[in-house]
Amino acid sequence: ARGAGRRFTMASTSSAATVRADLIRWCERVESRDRREAPPTPTPWNREKIGKDVALARELHLAGGAVRKRVTHAPSPSGDAVAVIPGHAWEVSFHVVAYAVRPGAVDAPREEEGETGETDETEARVPSRARLILSTRADVGGGCGAPHRLILLDDRSDGERESSNDRSEAAGPTRRERRRPLPSRDDETDARTSPSSSATTTTSAAVYPGQLCVRGLELALASMAIGERCVVRVQPTYAYLHPRARPPPRGVDVEDDIWLDVESVRASARATRIRIDATRTRTDGARGRTGDDEDGDPRGPPPVVHKTVTREGEGWESPRPPFEIVLELVGRACAPGGTNAEEGPNASVFAPRTRVRCVSGDGTLPAPLSAAVDTMRVGERSSVWCEPGAYLEDVVVCGRRVPAAGVAAGVEFELALESMVHVRDVFGDGVVFKRREKEGAGEFPADCPVHDCTCRAHFSVRVLPSSGFISGFSTHETNDTAGKVVYDTRALAPGGGHPLEFQLGCGTLPEALETSFRLAVPGEVARVILNDATHPRHGYVGEDQPGASAVFAALAELAKETCPKQTVALEFVAELVGFDRPVNWHRASLSAMLDEARKLKDEGNELLAGGKLALARSKYEKTVRNLEGLRGLDPAEHEAVYHLRRKTTLNLAAALQRSGEHADAIARLEKLLDEDPDDAKALWRRSVSFLATHEHARARSDLSRCAEIDPSTAEEVRAQLRRVDQREIEGVARERAVAERALG
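Everything quoted here is computed from the prediction, not taken from an experiment.

Novice: Is there a simple way to explain the overall build of the chain in this structure?
Specialist: Of the regular secondary structure elements, the chain holds 20 helices and 21 strands. If you take every contact in the chain between residues at least 6 apart in sequence, the share linking residues at least 24 apart comes to 78%.

The following block contains the structure:
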């Protein structure tokens, strides 16, 4: 019995050791896995709506011990003045001294004494083993002395930073990928001496304040009064393990606690202040890159831009590539002490007041500045602040580089958008560009002939070399006499009157010119460049189009004089005189809408008879779509709409069959047969598509059913059945021949 008990004890001990080892290995495997994000929490439709300021306060309350704040200096009250606490969408300027503490390294507070023999209250709350990361104070760690800026936004409704579709990208790398090389033990030992000495030993790369703007700091600033100074301890879940956190600086691990000595300097509640992520700007070729460096390492966190509107602009449109813009700007490097003034002691102007003419997105302006300009309106004046960062080292504005002070403290621009010229890449393929030369009467796009209607216009055509027009109109402006006008509607009409009248959507004009008229308002004059005069889709496609014969003759003559392979461009100067507004399918009477539908169907019939299958199909599809959208009809009205829709759908099926798109034709006809299974004409049309797709049995079934419904088609059905039998025999013979060749 004693031996059995001894063996049981030894077995239990070895089993416990095995379990403990397995548990340790399991913990290590779990620790090495990528951190999973919590699944999205469904939001009830009847959830209580709370304000943005309350949401920030609630988030700070829910953070609990993950964000701890201790006030070290409170602003002294003056009379009846109430302490100002910033709220949602406020911009806060603040000084920050940031430290990193490894897990488990939080020991007793410092007991070091200053020169006066008294314990510094701020330093007493920072662990002795903390490593200084960054300081914006000039008296601590050699900071730049200029406060940083941050806009407070609700984490759950922050649509200005990124959309919900981009949140996974904004969340950044995984837990393992976020890790950065930690300093050596020697560095750690040096860091215990003083915060200022550790600033040079923790990291070899520069650290900028934007990298310290973790979510815990935002929550702390949202609860601080202006002039208040606090020490904030932020645990990893609200620091660099937060889903929207930026990558940590070198030498800082994602699981480090972040200690922040924060002083709120000033705040502004201007509602027009916005935050722009410059990495998402549409100016891909702009200087001042914000991506990776030559070694593939990140150059820094994505830069943030703050814009303050000092004078509102006019209209609703803002520049976008390739609009031509004229703006006035002044560039200054932020200096410590307060708001910059052009001639004040804090001013450091590196780009004097200059008028800039450029194309939006062409790279003349750096990416952060271009992103801000793309949100302005004509006549608007704004102040744009770009956060400090390494990306500013490559920024060139008006031939001037940003000085070192601006790289460390940020730069500020005063912008005034004087004018912009509408330039559009009409089809988005770089072939057709439209430049507005003269403003018209009306608002874009409400007063444009977007839908098919009758238009009256003048235009002229000029043939010239294509070089220089791929990205705009620069070559044309310097060589305005190049080429010659080969066609002008004004020269054909007596006295320059009686403009050309044509119907949109019928292929009367080249697609490049017709689409440009759709994007114009009455009275507008535009210059349209077609970079490839022989383009099979956007250019002239038939001799019956106005000016086609003159253009083809000029192209043939130019090919003899120059290299035949040289690309030739066409320049149209187009003026939209006016147009007949189409029927409003939301407000017009049913009779007017039916008349409009019959007109479109008749135009489609003419195009189908002329062999213009794509244009005919477009007319039919628009008519069917409009008729299918009608609701609230009585039986008589429904019958009238159904008959017109049936005829148009049958014609659409014929156009699709002639284009070889039998699958779409079958789908359209089956919708008709679902409503009326005894539609003989629809059955006949569907049998044609079944025959073309080698479904001979289904084709015979439809033809037999068609003869039963309409006996007058019996002779035609018998002829079509013989054709089906012949096609089936020919198909079997072809398959047999192919099999014999394959099998030898």
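Novice: Looking at this model, I keep getting lost on a positive patch on the surface. Mind explaining?
Specialist: On the surface, Arg722, Arg723, Arg727 and Arg734 cluster together into a positively charged patch. On the basis of relative accessibility, which here comes to 48%, the residue Arg734 falls in the partly exposed class.

Novice: Even after reading the chapter, I still don't get the packing of helix H18 (residues 680–692) against helix H19 (residues 696–709), so can you show me in this structure?
Specialist: For any two helices packed against each other, one specifies the crossing angle of their axes together with the interaxial distance. Here H18 crosses H19 at 160 degrees, and the two axes come no closer than 8 Å. Between H18 and H19, the crossing angle belongs to the class labelled roughly antiparallel. Handedness of the crossing formed by H18 with H19: left-handed. Contacts between H18 and H19 involve Ala680, Leu683, Trp684, Arg686, Ser687, Phe690 and Leu691 from the former and His696, Arg698, Ala699, Asp702, Leu703, Arg705, Cys706 and Ile709 from the latter. Across the contact of H18 with H19, the residue classes break down as nine nonpolar, two polar and four charged.

Novice: Can you help me understand the side chain of Arg137 in this one?
Specialist: Looking at the element boundaries, Arg137 is found in the loop between strand E3 (131–135) and strand E4 (148–151). Apart from residues no more than four positions distant in its own chain, Arg137 is found in contact with His95, Val97, Gly142, Gly143, Gly145, Arg229 and Glu263.

Novice: Even after reading the chapter, I still don't get the packing of aromatic side chains, so can you show me in this structure?
Specialist: To describe a pair of aromatic rings, one takes the distance between the centres and the angle between the planes. One pass over the structure, following the stated rule, counts six aromatic pairs. Between Tyr540 and Phe552, the aromatic rings sit 6.4 Å apart at their centres with planes inclined by 75 degrees, giving edge-to-face as the arrangement. Placement of the pair is Tyr540 in the loop between strand E20 (525–530) and helix H13 (548–561) and Phe552 in helix H13, with a sequence separation of 12 residues. Its relative accessible area of 6% is what places Tyr540 among the buried residues. Ring geometry for Tyr540 against Phe572: centres 6.4 Å apart, planes inclined by 40 degrees, an arrangement best described as tilted. Taken together, the residues span a long stretch of sequence, with Tyr540 in the loop between E20 and H13 and Phe572 in strand E21 (residues 568–579) at a distance of 32 residues. Judged by its relative accessible area of 0%, Phe572 falls in the buried class. Through a chain of ring-to-ring contacts, three or more aromatic side chains come together here, namely Phe459, Tyr487, Tyr540, Phe552 and Phe572. Between Arg424 and the ring centre of Phe444, over which it is positioned, the NZ or CZ distance is 4.3 Å.

Novice: Help me out: how do you make sense of a nonpolar patch on the surface in this one?
Specialist: A surface patch of nonpolar side chains, amounting to about 280 Å² of accessible area, comprises Leu23, Trp26 and Val30. Tracing the backbone shows Trp26 in helix H1 (residues 2–32).

Novice: Would you explain the pattern of salt bridges in this entry?
Specialist: Should the charged atoms of two oppositely charged side chains come close, the side chains can pair. Within this structure, the stated rule accounts for 55 salt bridges. Between Glu387 and Arg246 there is a salt bridge, with its nearest N and O atoms 3.2 Å apart. Separated by 141 residues along the polypeptide, Glu387 in the loop between strand E11 (381–386) and strand E12 (396–397) and Arg246 in the loop between strand E5 (229–234) and strand E6 (257–268) bring together distant segments of the chain. Arg246 carries the same exposure label as Glu387, and that label is buried. In this structure, Arg598 and Asp595 form a salt bridge, with 3.1 Å as the shortest nitrogen-oxygen distance. Here Arg598 and its partner Asp595 are both found in helix H14 (residues 590–609), three residues apart, which amounts to about one turn of the helix.

Novice: For this particular structure, what's the right way to read the nonpolar core?
Specialist: Counting 36 residues, the largest nonpolar core has Phe94, Ile133, Leu221, Tyr240, Ile258, Leu260 and Val262 as its most contacted members. Put simply, the parts of the chain that give this core at least two residues each are helix H2 (52–63), strand E2 (91–101), E3, helix H7 (215–222), E5 and E6. The next biggest cluster of nonpolar side chains, apart from the first, holds 32 residues, and it includes Leu513, Val551, Leu576 and Phe579.

Calculation rules
Each residue is numbered by its place in its chain's sequence as written, counting from 1. In keeping with the model being predicted, local features are shown solely for residues with a pLDDT of at least 70 and side-chain atom pairs are shown and tallied solely at 80 or more, while totals for entire chains, interfaces and linings include all residues. Side-chain measures were taken over the full set of non-hydrogen atoms in the model, leaving aside hydrogen atoms and water. Counting from the N terminus, the helices are DSSP H or I runs at least four residues long and the strands are E runs at least two residues long. By definition, residues are in contact when any of their heavy atoms lie within 4.5 Å. A residue counts toward a patch only above 30% relative accessible area and without a salt bridge, and it is joined to like-charged neighbours within 9 Å or, for Val, Leu, Ile, Met, Phe, Trp and Tyr, to nonpolar neighbours within 5 Å. Accessible surface area values rest on a Shrake-Rupley calculation with a 1.4 Å probe, where residue burial reflects the displayed protein chains alone. By salt bridge we mean one thing: a side-chain nitrogen of Lys or Arg within 4 Å of a carboxyl oxygen of Asp or Glu. In summary, the charge assignment counts Lys and Arg as positive and Asp and Glu as negative, without counting His or the chain termini. All charge positions are set by atom: Lys at NZ, Arg at CZ, Asp at CG, Glu at CD. Buried, partly exposed and exposed residues are distinguished by accessible area as a fraction of the type maximum, computed with a 1.4 Å probe on protein chains only: under 20%, between the cut-offs, and over 50%, respectively. Only the stretch in contact is used when a helix axis is fitted, and all axes are lines through C-alpha atoms; the angle between N-to-C directions ranges over 0 to 180 degrees. With respect to orientation, any angle under 35 degrees is reported as roughly parallel, any angle over 145 as roughly antiparallel, any angle of 65 to 115 as roughly perpendicular, and every other angle as oblique. Two helices that cross are described as forming a left-handed crossing if the nearer one is turned anticlockwise from the farther one by less than a right angle, and a right-handed crossing if clockwise. Polar here means any residue other than Ala, Val, Leu, Ile, Met, Phe, Trp, Tyr, Cys and Pro, which are nonpolar, and Asp, Glu, Lys and Arg, which are charged; Gly is therefore polar. Working definition: rings of Phe, Tyr and Trp (its six-membered ring) pair if their centres are within 6.5 Å, and the pair is stacked with planes under 30 degrees apart, edge-to-face with planes over 60 apart, and tilted otherwise. Any Lys NZ or Arg CZ found within 6 Å of a ring centre and within 35 degrees of that ring's normal is scored as a charge over the ring. For our purposes a nonpolar core is just a set of buried Ala, Val, Leu, Ile, Met, Phe, Trp, Tyr and Cys residues, chained together by side-chain atoms within 4.5 Å.

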